[in-house]
Amino acid sequence: MNRAELTEKYFELVGYMVTSARNLLDESPLYGPFRLVDAASRLVAIMEEDDLADQRLLAIRKEIEAHKYSVMEDPTKFRQFLDSLVDLLVSQIASSPGRGGGVYREKLSCENEGKPLKERRKEG
Amino acid sequence: MTEVLEAIRGRRSVRSFLDRPVDKGILEQLVEAAIWAPSAGNAQTWRFVVITEPERIRRIKMVSPGLLGDPPAVIAICQDLDEARAKGGELGASFLAQVDAAMATQNVLLAAHDKGLGTCVVASFHRGAVGRLLGLPDGVEPLLLVSVGWPANVPSPPQRRRNVVFFEVYGESG
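Residues numbered from 1 in each chain as written. Chains lettered and ligands numbered in written order. Predicted model: local features only at pLDDT ≥ 70, side-chain atom pairs only at ≥ 80, totals over all residues. Heavy atoms only, no water.

A. Structural view of the nonpolar core. Residue and element names in this part refer to chain B. By size, the foremost hydrophobic cluster in this structure holds 25 residues, and its most contacted members are L30, F48, I75, I77, L117, V146 and V148. At the level of elements, α2 (24-35), β1 (46-51), β2 (73-80), α4 (81-114) and β4 (140-149) are the ones that each hand at least two residues to this core. For L30, the contacting residues outside a window of four places in its chain are I75, V108, A111, A112, L117 and V148. Core analysis: the second largest hydrophobic core is formed by 16 residues, I60, V63, L134 and L136 among them. (Core = buried A, V, L, I, M, F, W, Y, C linked by side-chain atoms within 4.5 Å. Buried < 20%, exposed > 50% of the residue type's maximum accessible area, 1.4 Å probe, protein only. Helix = DSSP H or I, 4+ residues; strand = E, 2+ residues; numbered from the N terminus. Contact = heavy atoms within 4.5 Å.)

B. Inspection of the pattern of salt bridges at higher detail. As enumerated under the stated definition, the model contains 20 salt bridges over all chains in all. Between D38 of chain A and R42 of chain A there is a salt bridge, and its shortest N-O distance comes to 3.1 Å. Here R42 of chain A and D38 of chain A lie together in helix α2 (residues 31-49), a separation of four residues that amounts to about one turn. With a shortest N-O distance of 2.8 Å, D54 of chain A and R56 of chain A are connected by a salt bridge. In the salt-bridge network here, residues are joined through shared partners; they are E8 and E12 of chain A together with E55, R58 and R59 of chain B. (Salt bridge = Lys/Arg side-chain N within 4 Å of Asp/Glu carboxyl O.)

C. Inspection of the interface of chain B and chain A at higher detail. Taken together, the contact pairs 12 residues of chain B with 17 residues of chain A. In this assembly, chain B packs against chain A so that about 1200 Å² is buried in total across both faces, 56% of it on carbon and sulfur atoms. Of all residues in chain B, the largest losses of buried area upon contact with chain A belong to M62, P65 and L68 of chain B, amounting jointly to 45% of the total for that side. The interface formed by chain B and chain A holds two salt bridges in total. (Buried area = accessible area lost by both parts, 1.4 Å probe.)

D. A look at the packing of helix α1 (residues 3-24) of chain A against α2 of chain A. Residues and elements named next belong to chain A. At a minimum axis separation of 10 Å, α1 and α2 run at an interaxial angle of 180°. Relative to α2, the element α1 lies roughly antiparallel. Residues L6, K9, Y10, L13, Y16, M17, S20 and L24 of α1 lie in contact with α2, whose contacting residues are Y31, G32, R35, D38, A39, R42, L43, I46, M47 and E49. Of the residues contributing to the contact of α1 with α2, the split by class is 11 nonpolar, two polar and five charged. (Axes fitted to C-alpha atoms, helices over the stretch in contact; angles between N-to-C directions. Parallel < 35°, antiparallel > 145°, perpendicular 65-115°, else oblique. Nonpolar A, V, L, I, M, F, W, Y, C, P; charged D, E, K, R; others polar.)

E. Spotlight on the packing of α2 of chain A against helix α5 (residues 75-94) of chain A. Residue and element names in this part refer to chain A. Interhelical geometry of α2 versus α5 gives an angle of 40° and a closest axis separation of 12 Å. Taken together, the axis directions place α2 and α5 in an arrangement best described as oblique. As α2 packs across α5, the resulting crossing turns out to be left-handed. Along the contact surface, α2 presents P33, F34 and V37, while α5 presents F78, F81, L82 and L85. Per-class residue counts for the contact of α2 with α5 are seven nonpolar, no polar and no charged. (Left-handed = near helix turned anticlockwise from the far one by under 90°.)

F. Quick look at the packing of aromatic side chains. On inspection of all chains with the given rule, the structure shows five aromatic pairs over all chains. Plain terms: the ring middles of F34 of chain A and Y69 of chain A are 6.2 Å apart, the flat faces sit at 35° to each other, and that makes the pair tilted. With F34 of chain A in helix α2 and Y69 of chain A in the loop between α3 (55-67) and α4 (70-73), this residue pair connects regions lying 35 residues apart in the sequence. For F34 of chain A, a relative accessible area of 1% gives the class buried. Aromatic pair F78 of chain A and F81 of chain A: ring centres 5.9 Å apart, planes at 45°, arrangement tilted. With F78 of chain A and F81 of chain A both in helix α5 and three residues apart, the pair spans about one turn of that helix. By relative accessible area, F81 of chain A is classed as buried at 5%. Lying over the aromatic face of W150 of chain B, R20 of chain B brings its terminal NZ or CZ to 4.2 Å of the ring centre. (Phe/Tyr/Trp six-rings, centres within 6.5 Å; stacked < 30°, edge-to-face > 60°. Lys NZ or Arg CZ within 6 Å of the ring centre and 35° of its normal.)

G. Region of the structure containing the environment of D38 of chain A. Judged by relative accessible area, D38 of chain A falls into the buried class, the value being 1%. On a C-alpha basis, the gap between D38 of chain A and E49 of chain A in space is 17 Å, while along the polypeptide they are 11 residues apart. Once residues within four sequence positions are removed from consideration, D38 of chain A is found in contact with Y16, E65 and K68 of chain A together with L68 of chain B.

H. A look at the side chain of T119 of chain B. Mapping T119 of chain B onto the fold places it in strand β3 (residues 118-122). Once residues within four sequence positions are removed from consideration, T119 of chain B is found in contact with R12, S13, V14, L109, A112, V146, S147 and V148 of chain B.

As structure tokens, then:
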């Protein structure tokens, strides 16, 4: 993708976000989180076309695309999807290479290792 | 079950489309179905704008957060609210025009479903922005957008609420 095409893709995304901001004043509150994750997915899609999206971002986008429409079906399912998306993100943050190239280790007790974020919060 | 009831029950909101155009002749049939919808007081103050140019659809998408996927066609369901007011008073503009638009939209959805097309009704868009991009004159408002295309993915039917129908009096399920 050349620079002009890339700029246009970002312009489309900005248009989506700006009109979402205005429309959300009058829309269902659930559409706010939906638009945010949809915007995140669109951003990753642009990055993917420009070969900038790594496996973490692609995994997040895949999850969003698989479950985002649960907002139209069942608010409880949508909430669970967002919780699991945050869990995925936290796992990625924990295993992300630091800026210096090292690996940051999440400070977790052995008991918490592998548990979903929500359960850790309850216990903490 | 009659074909009409099958069509009503089989239609889904499709948000994922194949990269394949829809013939103009089919789109004309969809808007022909629209203009045969009931119209309060026979006002027929609706207007329909069929959009197929990819660049125009791209621009409309920029101001239409609810327009998801990449449909090859979009139908803007509009109303001339000045004419609706002149014909039906304030009720005509504030209510009947909306109802007429909804009934015309359902006709579009069913006619499209009959052709094997997928559709999705969109209300999440900026009316002023879409009006400008479509060159709508003053007084004509876009009320709904309908994305139209060949489905890439048809969602499974969502559950329908059953406890919303009563017979004779509210609360009696008959």
